[in-house]
Structure formats: C-alpha cells, structure tokens
Amino acid sequence: MTRDEERQDGPEEEREGNADEPAREEPVGQEPSPEEPTAEGPTAATPPEPAPEDPRASQDPPPPPPPDQAPTQPLGPEPRRLLRSRSNRVIGGVCGGLGRYFNVDPILFRIGAIALALVGGAGVLLYLAALVLIPNETQGAAAQPPAEGRSRALTIAVVVLVLLVAWPFLLGGGVIAAAVLFPLAFLVAAGVLVWWIVSGEGPSGDAGDIARRAALGIGVLILCGVIALGGAWAAAAGGGIVVGVVVVASGLAILAGAFLKPVRWLILPAVTLALSAGAVAAAGIDLDGGVGDKTYRPASAIDLRDRYELGIGELEIDLRDTDLPAGDRPLRLDVGVGEARVIVPEDVCVVTDADVGLGAVRVFERDTGGIDVGVLDEPDASPDTTRLMVNADVGVGALSVVHDPADFDYGGPGRDFDGGLEEPFPGDGNAACLDTGARANG
Amino acid sequence: MPVRTDRPDVPSIVAGIAVLALGAVLLLDETGVIELSFGLLAPVACAAAGAILLASGLARRT
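In every chain, residue numbers begin from 1 and rise along the written sequence. Chains and ligands are labelled by the order in which they are written, letters from A for the one and numbers from 1 for the other. Totals for whole chains, interfaces and linings use every residue, but because this is a predicted model, local features are given only for residues with pLDDT of at least 70 and side-chain atom pairs only at 80 or more, for both listing and counting. As a rule here, side-chain values come from all non-hydrogen atoms in the structure, and water together with hydrogens is ignored.

**Student:** For this particular structure, what's the right way to read the interface of chain A and chain B?
**Tutor:** Many analyses report the size of an interface as the accessible area lost when the parts associate. Throughout, a contact is declared for two residues whenever any of their heavy atoms are within 4.5 Å. On the chain B side, the residues contacting the 34 residues of chain A number 27 residues. By convention, the term buried area covers the 1.4 Å-probe accessible surface removed from two parts as they join, with the contributions of both added. Of the roughly 2,500 Å² buried at the junction of chain A and chain B (both faces included), carbon and sulfur atoms supply 78%. Per-residue buried area on chain A facing chain B is highest for Leu 255, Ala 258 and Arg 264 of chain A; these three make up 18% of the total on that side. Every case where a carboxyl oxygen of Asp or Glu lies within 4 Å of a side-chain nitrogen of Lys or Arg is listed as a salt bridge. Inspection of the region where chain A meets chain B yields 1 salt bridge. Salt-bridge contacts for Asp 9 of chain B lead to Arg 264 of chain A; the nearest nitrogen and oxygen are separated by 2.9 Å. Within 3.5 Å is the distance limit for a polar contact, defined as a pair of N or O atoms, with the added protein rule that one can donate a hydrogen and the other accept it, and that residues adjacent in sequence qualify only through two side-chain atoms. Connecting chain A to chain B are 4 residue pairs in polar contact (both at pLDDT 80 or more). Secondary-structure elements contributing two or more residues to the side of chain A that touches chain B are α7 (167-199), α9 (240-259), α10 (267-283), β4 (348-363) and β5 (366-377) of chain A. For the side of chain A that touches chain B, the element with the highest residue contribution is α9 of chain A, accounting for 14 residues. In this classification, the charged set is Asp, Glu, Lys and Arg, the nonpolar set is Ala, Val, Leu, Ile, Met, Phe, Trp, Tyr, Cys and Pro, and all remaining amino acids, among them Gly, are polar. The residue inventory of the side of chain A that touches chain B, partitioned by class, reads 25 nonpolar, 7 polar and 2 charged. Each helix is a run of H or I in the DSSP string that is no shorter than four residues. Each strand is a run of E no shorter than two, and both are numbered from the N terminus.

This is the structure:
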C-alpha cells in the first residue's frame, strides 16, 4: 500500500500518526488548548480536519519529502567548496576531498602524498596542514562519486612510472619543501596557539579563519618578541626600576579593566615584559662595560686593575707575562653575556669565587654548569706564592681559568666541583696551592 | 531574576594580580630587598602563567 493510498483510505487517527508526517511535539496526554497560541500561529490550534463531505479532503497537498530525500532537490547552484570527504577517506578524507574538488581520481593525490612523505616528509606536513585547514564535510553533504571514464589501474601505473622517473628530482624537491614547510608549519601552529590563548578563538572554522588567526597570532608573537628584547635591554642597561614600574602599572591597568572594561590584550605583553626583565635580573646581566671582545695583558701588578667589566662579548685577561709579587692579588670580573677568560702562570694559586646565572665555570681541570651556578674555591698558599683572588660575576656565559689558551677549546669533561675535594688532586692544574676547599652549587 | 552583566572579568583579575606580583618581584630585586635568581623566578613565572591560563580556561567553560 502506498503512502497516498494510506492517506486516502485510512482513518483520521492513522493519518495523524503516520510516521512519514513531520511529527509535532506535544506533551503526551494533553490536548493543545485553543486559547494558547502555538509556534505555528493561532490557526494551528484549530483542528485541521475538513468536513467529510468536502471533496477537497481527498486532495491534500503532497506531503513534504522525507528528510533523506531533501538534499536531492535542486536548490540552485552552490559555490564549489574544498571539503574533506566523509565517504571517500582513508585517514582524514583530504585526498578524497581534493579528488572531488578537482574532479579527478583521489588515488592520484594519495600516491603524491605518499611520495612526498617518503622524500623528505613534506607529504606528511602537507597532509597535516590540509587536515587542519580544510574543513570537514558536513554530515548531510552528498558525496560525489570519483571521476569515471578512466581506468584506475592504468592511472596508477602511469603515475608510478612518472614517480620512478622523477624520483631524483622529487627527492631534492621534497627535501627543500620539507625545509621550508617544517618552519612554516611550526610558525602557523604557534600563531594559532598564541591567538587561541589571547582571544579564545580556537583552531576551527574554514581555511580563511585559520589563516587569519595564524597571522594575528604571529603578529602577537612578533610584538611580544620586540617587547621582550626591549625589556631585557632596558633592564640590562640599568633601567630595571623603570621596567618594574611599567609592569606594575600594567598589572594595575589589567586589574582595573576587570571591573570597567577588560583589556586582555595587555596580559601577554605585560607578562612577556616582566619575564624578560626578570630573566635579565636573575642572570645578573649588566651591559656596563660595552659590547665586543676585549683582551688585557698587563705587564706588572701595577697595570693589573682590580676590576674588569664587559657587557656582551669575550673578556680575556692574560697574566702569563705579568710580574706578580707574592701574596694575595684581587681580580674582579663582570661580564653580562659572554665569557670571562683568565690565563695564569703555573706558579700562581687561584682562588675562585664565581656566580654565573646561566652557564658554566671551569677552573683548570674542574668544572660545573647549569643555572644559578655558584663556585667558591679557596685554597691556601704558601707566603711566597702569588694567590690570585678571582671574583667573577657572569650573567649568561662562562668563566674559564686556564694555564694554556689551548685549553679554552677543550670540550671534554672535567672533574666536578661538587666532588668535595679537600686536597688538590694530581693534575688539577692549581698545583701552586697547598690545598683546596672547593664548594659549588649549580 | 535578571542576570547581572557587569560582573568583573575573573581572568583579568587573576592576570592583573599575577602581573602585579611579577612587577613587585622585579622592584624588590632592583631595590636590593631580594636577590632574584632563576631558582626563584622559574616557580613564580610558572605559577603566574598557570593561574592566568587556569582562570581563562575556567571562564571560557562557564
């Protein structure tokens, strides 16, 4: 029995309960009150039953098509969109969507993606990027069949043959593409993530939305980078108090904005400024003393200054030809970012008191490193021996004390200061001392 | 009962307090009250960033 036959022959109750009719949701056991307007308007409250003698009762308008047939109706031309296929997918439907968009067999894109994945990994990146950027096909969208009229086997054979011939070119191109795409993909991901944190707009939407959010996030990253560099430079140049006041003012503005008008865009720059200045302060970086490499070779104890400073660079103090009298001789070194190098004769005992924010301390054969590195090594010496009291403060970098400049390039492991050495061990380099009381933390 | 729309922005409150704390640490270091090191800065920074992200995430959920 067809639906029309049911509609014409069945009783009224069966017609109202036909499953093909669009259901009207009403509370069970309750009749809609005629006085209560419904969503369909006041006329919907009246029973739609026609009079039995009305000849139009058997000429009801055709029922609306069932939902599964609705998309088949012509709805006018729609713009062709690139969507990930739901019906023709192996992983994410990217190649199926591309095949439908370009009206070619998706196997072509699959072979190309695999080939690019094998020759440098660009295929993986491209696929992941497409997986993120190309929106998924909606549930109700119709899947178009793949291109017809061509032999799939023949197509695969031709494509494989072309790939075999072009393999060397693809290898180079894939490596180059991967070298470009890896940083690009990382940058886009970082931009989307930053913009997600700043604005709350997650990585959803179409490709245009993703690109816009990535661009805005990259812009925020660049802005924060500039702020970080500026804040670090200002703090290292002696403007730490100013930077601290700016950070506090930013915090007050954000706090006041919470009650008046939120200024969330200020949060990330303020935190960036605070952390960059804080890192400079924690490392103890001081740009006093200038920038560049400096080397000093004092001829006598009179030429040897008590203090040497350098902001950024390599500071080298060469004492091999310096006439140093017996007794204690202070040497203060301040380096912001870089390395402080001291070259001493074999007959000089070296006392080390060093603080390195981030880096390493190497004194002859012993070394240590890490963050917040502190070394205190105070060996005794006989009265007729020169004892050099090295007091070094390095922000980011290293302090190196050697007998031979060639040892600066030595990259092998030394004996750690944390070994609790009470006596100088053979070959520790500080042989002019009587003993050693090294203390270090790092 | 009407819903109040002038409630303070909780993530901004948390972020403001966190930034204020970071600024206070900077000023205390500059004035010599404390000696800032990476061992002190790292937990302070992580706590500030974590509080901001947590407040933002919870506000987004509600």
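**Student:** Got a minute to help me understand the packing of aromatic side chains in this structure?
**Tutor:** Geometry of an aromatic ring pair is reported as the spacing of the ring centres plus the angle between the planes. All names here are of chain A. Think of it this way: a Phe, Tyr or Trp ring, Trp meaning its six-membered ring, pairs with another when their centres are within 6.5 Å, and the plane angle makes it stacked under 30 degrees, edge-to-face over 60, tilted otherwise. Enumeration over the complete set of coordinates arrives at 3 aromatic pairs over all chains. Taking 4.7 Å as the distance between ring centres and 50 degrees as the angle between the ring planes, the aromatic pair formed by Tyr 296 and Tyr 308 counts as tilted. In this pair, Tyr 296 sits in strand β1 (residues 294-296) while Tyr 308 sits in strand β2 (residues 307-318), placing the two residues 12 residues apart along the sequence. The pair formed by Tyr 296 and Tyr 308 is uniform in burial state, with each residue classed as buried. Linked through ring pairs, Tyr 101, Phe 102 and Phe 109 together constitute an aromatic cluster. Here the term buried applies to any residue with accessible area under 20% of the maximum for its type, exposed to any over 50%, and partly exposed to those in between, with areas from a 1.4 Å probe on protein chains only.

**Student:** Quick question: what am I supposed to make of the nonpolar core here?
**Tutor:** If you look at soluble globular proteins, the nonpolar side chains tend to sit buried side by side. By nonpolar core we mean a set of buried residues, namely Ala, Val, Leu, Ile, Met, Phe, Trp, Tyr and Cys, connected to one another through side-chain atoms within 4.5 Å. Counting residues in hydrophobic clusters, the biggest one holds 31 residues, and the most contacted among them are Val 247 and Ile 254 of chain A together with Leu 36 of chain B. Counting residues per element, the ones that place at least two in this core are α8 (207-236), α9 and α10 of chain A together with α1 (10-30) and α2 (38-61) of chain B. Here this core takes 10 residues from α10 of chain A, the largest share from any one element. In this structure, Leu 333, Ala 340, Val 375 and Val 401 of chain A belong to the second largest nonpolar core, which totals 30 residues.

**Student:** Explain α9 of chain A here, please?
**Tutor:** Think of an α-helix as turning once every 3.6 residues; residues three or four places apart then point the same way. Any helix carries an expected span of 1.5 Å times its number of residues minus one. Between its first and last C-alpha, α9 of chain A extends 30 Å over 20 residues, near the 28 Å set by a 1.5 Å rise per residue. All buried positions along α9 of chain A are accounted for by Gly 240, Val 243, Gly 244, Val 247, Val 248, Ser 250, Gly 251, Ile 254, Gly 257 and Ala 258 of chain A. Elements in contact with the buried residues of α9 of chain A: α8 and α10 of chain A together with α1 of chain B.

**Student:** Is there a simple way to explain the side chain of Arg 362 of chain A in this structure?
**Tutor:** Residue and element names in this part refer to chain A. Here Arg 362 is to be found in strand β4. Under the relative-accessibility criterion, Arg 362 is labelled buried at 11%. Polar contacts involving the side chain of Arg 362 include one to the side chain of Asp 367, which spans 3.2 Å.

**Student:** Before we go on, may I ask you to explain the pairing of strand β3 (residues 327-343) of chain A in this structure?
**Tutor:** Residues and elements named next belong to chain A. A pair of strands is considered paired only if DSSP assigns at least 2 bridges between the two. Pairing of β2 with β3 involves 11 bridges; the strand directions are parallel. Within β3, the position partnered with Gly 313 by the bridge is Gly 338. One ladder, built from 16 bridges, connects β3 with strand β6 (residues 386-402); its direction is parallel. Looking across to β6, one finds that Val 335 is bridged to Val 394.

**Student:** Any chance you could explain a nonpolar patch on the surface here in plain terms?
**Tutor:** Residues with no salt bridge and a relative accessible area higher than 30% make up the patches, which join like charges within 9 Å and nonpolar side chains (Val, Leu, Ile, Met, Phe, Trp, Tyr) within 5 Å. Here, Shrake-Rupley sampling with a 1.4 Å probe gives the accessible areas, and only protein chains in the shown set may cover a residue. Taken together, the side chains of Leu 193, Trp 196 and Ile 197 of chain A together with Leu 53 of chain B make up a nonpolar region of the molecular surface, amounting to roughly 380 Å² of accessible area. For the nonpolar patch, the element with the highest residue contribution is α7 of chain A, accounting for 3 residues.

**Student:** Sorry, what's going on with the environment of Ala 129 of chain A here?
**Tutor:** Residue and element names in this part refer to chain A. Mapped onto the elements, Ala 129 comes out in helix α5 (residues 122-133). On the basis of relative accessibility, which here comes to 31%, the residue Ala 129 falls in the partly exposed class. In sequence terms Ala 129 and Ala 189 are 60 residues apart; their C-alpha atoms lie 9.4 Å from each other.

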